[in-house]
Amino acid sequence: MSTVQLNHNAFPAYLNEGLTPMSLNEELVRIRIQEAQRIAEEQRLANRIASAQRWRRLSRWAGRRAARFDL
């Protein structure tokens, strides 16, 4: 871990990819935001899959119903 010298005291410097010094709280917030974004993306994917399954089921039902009434 890198450190920053200030008044001859060593303080830890929490670096975000080595570019910008961040406090520990800022780093934790960034991690929480990334986790929330990942969970939201997983939920969107699950909703798309469930929606596709519903439409497929409805399509099969409609196809069977149409076949019954074909002359």
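Residues numbered from 1 in each chain as written. Predicted model: local features only at pLDDT ≥ 70, side-chain atom pairs only at ≥ 80, totals over all residues. Heavy atoms only, no water.

**Student:** Residues and numbers for the overall build of the chain, please.
**Tutor:** Scanning the chain from terminus to terminus reveals one helix and four strands. Moving toward the C terminus, one meets the helices and strands of the chain in the order β-β-β-β-α. A burial count over the chain gives 4% of its 71 residues as buried. Per element, the accessible surface of the chain, about 6600 Å² overall, is 58% carbon and sulfur. (Helix = DSSP H or I, 4+ residues; strand = E, 2+ residues; numbered from the N terminus. Buried < 20%, exposed > 50% of the residue type's maximum accessible area, 1.4 Å probe, protein only. Areas by Shrake-Rupley, 256 points an atom, 1.4 Å probe, with all protein chains shown as cover.)

**Student:** How would you sum up the pattern of salt bridges? Please name residues and give values.
**Tutor:** Applying the stated rule across the entire model yields five salt bridges. With its nearest N and O atoms 2.7 Å apart, the salt bridge here joins Glu41 to Arg44. Of the two residues, Glu41 and Arg44 both sit in helix α1 (residues 24–69), three residues apart, roughly one turn of that helix. Glu41 is paired through a salt bridge with Arg48; the nearest N and O atoms lie 3.7 Å apart. A residue is classified by how much of its surface remains accessible, and Glu41, at 38% relative accessible area, is partly exposed. (Salt bridge = Lys/Arg side-chain N within 4 Å of Asp/Glu carboxyl O.)

**Student:** Please provide a residue-by-residue account of a positive patch on the surface, values included.
**Tutor:** A surface patch of positive charge is lined by Arg54, Arg56, Arg57, Arg60, Arg64, Arg65 and Arg68. In this structure, Arg64 sits in helix α1. You can call Arg64 exposed: its relative accessible area is 52%. (Patch = residues over 30% accessible without salt bridge, like charges linked within 9 Å, V, L, I, M, F, W, Y side chains within 5 Å. Lys, Arg positive; Asp, Glu negative; His and termini not counted. Charge placed at Lys NZ, Arg CZ, Asp CG, Glu CD.)

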